[in-house]
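This is what each chain is made of:
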There are 2 protein chains.
Amino acid sequence: MAYKEKYPSELLSQAVEAISSLPGVGRRSALRLALHLVRQPAENVHHFTDSINRLRDQVRYCRCCHMLSDSELCEICADRKRDARLICVVESVRDVMSIEATGQYHGLYHVLGGIISPIAGVGPSDLTIRELAERVKALEDPSGAEVILALSGDVEGETTAFYIYRQIEASGVKVSSLARGLGFGDDLEYADSLTLGRSIVNRQEFRP
Amino acid sequence: MAYKEKYPSELLSQAVEAISSLPGVGRRSALRLALHLVRQPAENVHHFTDSINRLRDQVRYCRCCHMLSDSELCEICADRKRDARLICVVESVRDVMSIEATGQYHGLYHVLGGIISPIAGVGPSDLTIRELAERVKALEDPSGAEVILALSGDVEGETTAFYIYRQIEASGVKVSSLARGLGFGDDLEYADSLTLGRSIVNRQEFRP
C-alpha cells in the first residue's frame, strides 16, 4: 500500500485502480497499460473507451438462446439451415465460439450465463435454466429432439448438468453430454488416471 | 481470421479489437475481458472508461522533470527538502516509481519519455534531452551538481547515456551511472558471465 501512495498523479492512480479491477490484471500490469494509454493519441484512447461503453450499453441477449447478440434473435437462432431439434447447453458465449470453431455442430445453443456454484453464490435462478425448461416444453416433438449438456467436467459442471436433467427429463427429450476421454494424439503414459479410467469404461466400438 | 468472424455480436467484436490493441493483450484475453465487462453493472464500466479518459485528457507533465503530474510542477520538483543538485535521468515514470520505492534517493529526476532506438524510430529529438541540457546549463553551480544516468544496461540504454553525456559534458557537471554487478544475495554460480565480469572489474573496497 505504501507503493500505491507513490503514484506521481492522482489521475494515474485512479486509472490504475480501475484497470487493476479487471480479472487477471495486477497493479503492475495496470500501471504499464495506463502509461501506454497516456502516450497514445487522444482519439485512439477515446475509440478504446467508446467501444467498451457501446458494448456494455447496447449489447443485447438473444431472446431464444440468451447469447450476446446485436439483435433480438441471434444469427444462429435465426439461421433456418440449422437443426432446431438440437439444443447445446453451454455456460458462456466463449463456449459457443469454441464449439462453432470446430465446425462440427449445426444445431442451436442455450447459454446459461454461468454455472451453479454455492461457493460463488450462483444458484439455478441466476441462470437461464427456467428459460431452457420452457424452451424444451415448447418443442413440437420433444422425443425427437436432443439437449446436449456441454458443461465442464468439474463438480460444479456435473451439479449443473444433473439439475438441468431433473428439470427437463419429464418432457421426454433425449439428454446427452459431451464425450470424455483421451484427447486426439494423447499419449496413454501421460494421461491422468481419471480420464484414462473413463476412456476404458466408455470405450467405443472400433470402426476401421 | 476465420475465428474473428465468429463473434456473435459486432459490438463485441469491436470491443475485443480495441482491447487487444493494448500491449501484451491477445485476442483471447481481450474476449475474456470484454465478456467480463458486459457482466458488470453499467456504472462500474462507465467509471472504468471515465477514469481512463480523464487520465488521457487531463494529465500534465511537470515542466521541470517531465514526469506525469496533476499540476505544473510535480510533487518531487516542488519539494524543497530534496537535493536539487542531483538529477537522476530515467526512461519513464515507472523508473521514477521504482527508485522512489527504494527510499535511497533524495534528489530530483528527469524523465526522458523513452530511449534512443533507431529500430523503433525514436531519435534524440523525440525525448526530453534538449530540455535536460538546458536544465543543466541553467544550474547555478554545475560543477557542484551531478547527473545520474539511470538507464537500462542494453545497447539502447548505453547509446542514450553516451549521447546525453556528450550533450552535457561541456557544462562541467559530474556525470555518473548506476552501479552494475551481482544483485544482493545472488549466487556466483548462477550469475551470467557479463555481470560477473563487470563485478570483478568494478570491484569496491571492502568496508567491514
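Residues numbered from 1 in each chain as written. Chains lettered and ligands numbered in written order. Predicted model: local features only at pLDDT ≥ 70, side-chain atom pairs only at ≥ 80, totals over all residues.

A. A look at the overall build of chain A. The number of helices and strands found in chain A is 8 helices and 6 strands. Going residue by residue from the N terminus, the α and β elements of chain A occur as α-α-α-β-β-α-β-α-β-α-β-α-β-α. Seen along its three principal axes, the alpha-carbon backbone of chain A occupies a region of about 65 × 50 × 35 Å. Within the span of chain A, comprising 208 residues, buried residues form 26% of the whole. Pairs at least 24 apart in sequence give 45% of the contacts found in chain A among residues at least 6 apart. (Helix = DSSP H or I, 4+ residues; strand = E, 2+ residues; numbered from the N terminus. Buried ≥ 20, exposed ≤ 12 C-beta atoms within 10 Å, placed from the backbone. Contact = placed C-beta atoms within 7 Å.)

B. Seen up close, the domain arrangement of chain A. The domain architecture assigned to chain A consists of domain 1 (4-58) and domain 2 (84-177). Taken over C-alpha atoms, the centre of domain 1 of chain A sits 36 Å from the centre of domain 2 of chain A. (Domains from an automatic or database assignment.)

C. View of unusual backbone geometry. Residue and element names in this part refer to chain A. In the Ramachandran plot, His-66 falls in the positive-phi region, its phi being about 70° despite a non-glycine side chain. For His-66, the position within the fold is in the loop between β1 (60-61) and β2 (68-69). In this structure His-66 comes out as buried when scored by C-beta crowding, with 21 C-beta atoms within 10 Å.

D. Structural view of the interface of chain B and chain A. On the side of chain A, 47 residues touch chain B, which itself brings 47 residues to the contact. When residues of the side of chain B that touches chain A are traced back to their parent elements, those giving at least two are α1 (10-19), α2 (27-39), α3 (42-58), β2 (68-69) and α5 (93-102) of chain B. It is α3 of chain B that provides the largest number of residues to the side of chain B that touches chain A, a total of 14 residues. Its residues assigned to classes, the side of chain B that touches chain A shows 27 nonpolar, 11 polar and 9 charged. (Nonpolar A, V, L, I, M, F, W, Y, C, P; charged D, E, K, R; others polar.)

E. Spotlight on the packing of helix α6 (residues 129-137) of chain A against helix α7 (residues 155-168) of chain A. Residue and element names in this part refer to chain A. It is the contact of α6 with α7, at a shortest axis distance of 9 Å, that shows an interaxial angle of 35°. α7 is crossed by α6, and the crossing has right-handed handedness. Within the contact between the two elements, α6 uses Ile-129, Leu-132, Ala-133 and Val-136 and α7 uses Tyr-163, Ile-164, Gln-167 and Ile-168. Residues that form the contact of α6 with α7 fall into these classes: 7 nonpolar, 1 polar and no charged. (Axes fitted to C-alpha atoms, helices over the stretch in contact; angles between N-to-C directions. Left-handed = near helix turned anticlockwise from the far one by under 90°.)

F. Highlighting the pairing of strand β3 (residues 83-90) of chain B. Residues and elements named next belong to chain B. When β3 meets strand β4 (residues 107-111), the two strands line up parallel, connected through 5 bridges. Its bridge partner lying in β4, Cys-88 is registered against Tyr-109. A crossover connection joins β3 to the parallel β4 through α5; in handedness this β-α-β unit is right-handed. Taken together, the 4 bridges between β3 and strand β5 (residues 146-149) define a ladder with parallel strand orientation. Note on β5: the bridge partner recorded for Val-89 is Leu-149. (Pairing = 2+ DSSP bridges. Right-handed = clockwise from strand over helix to strand, strands pointing away.)

G. Layout of the sheet that holds strand β3 (residues 83-90) of chain A. Residues and elements named next belong to chain A. Strand order in this open sheet of 4 strands is β4-β3-β5-β6, and the pairing throughout is parallel. This sheet does not close on itself; its edge strands, each paired only once, are β4 (107-111) and β6 (174-177). Taking each pair of neighbouring strands and ignoring which way they run, the sheet shows an average axis angle of 25°.

H. Representation of α3 of chain B within the structure. Over its 17 residues, α3 of chain B runs 23 Å from end to end, which matches the ideal 24 Å to within 8%, given 1.5 Å per residue. The secondary structure elements touched by the buried residues of α3 of chain B are α1 (10-19), α2 (27-39) and α3 (42-58) of chain A together with α2 of chain B. (Expected span 1.5 Å × (residues − 1).)

I. How the structure looks around the confidence of the model for chain A. Confidence in the prediction for chain A averages 90 pLDDT; 97% of positions are at 70 or higher. Across the whole predicted complex the pTM is 0.79, and at the interface the ipTM reaches 0.82. (pLDDT = per-residue confidence, 0-100.)

J. Structural view of the relation of the copies chain B and chain A. Under the fitted operation, chain B is carried onto chain A by 0.0 Å of movement along the axis and a turn of 180°, and the coordinates agree to an RMSD of 0.1 Å. As the rotation angle and translation indicate, the two copies are arranged about a two-fold axis. Among all residues of chain B, the minimum C-alpha distance to the rotation axis is found for Thr-49 of chain B, at 2.6 Å. (Least-squares fit on C-alpha atoms with pLDDT ≥ 70 in both.)

K. Examining the environment of Gln-40 of chain A more closely. Residues and elements named next belong to chain A. Within the element layout of this structure, Gln-40 appears in the loop between α2 and α3. Taking the C-beta count within 10 Å as the criterion, Gln-40 has 15 such neighbours and is therefore assigned partly exposed. Sequence separation between Gln-40 and Tyr-165 is 125 residues, and the spatial gap between their C-alpha atoms is 51 Å.

L. Quick peek at the sheet that holds strand β6 (residues 174-177) of chain B. Residues and elements named next belong to chain B. Read from one edge of the open sheet, 4 strands run β4-β3-β5-β6, paired in parallel fashion. The open sheet terminates on both sides in strands that have one partner only, identified here as β4 and β6. Between one strand axis and the next, the sheet turns by 25° as a mean value, whatever way the strands run.

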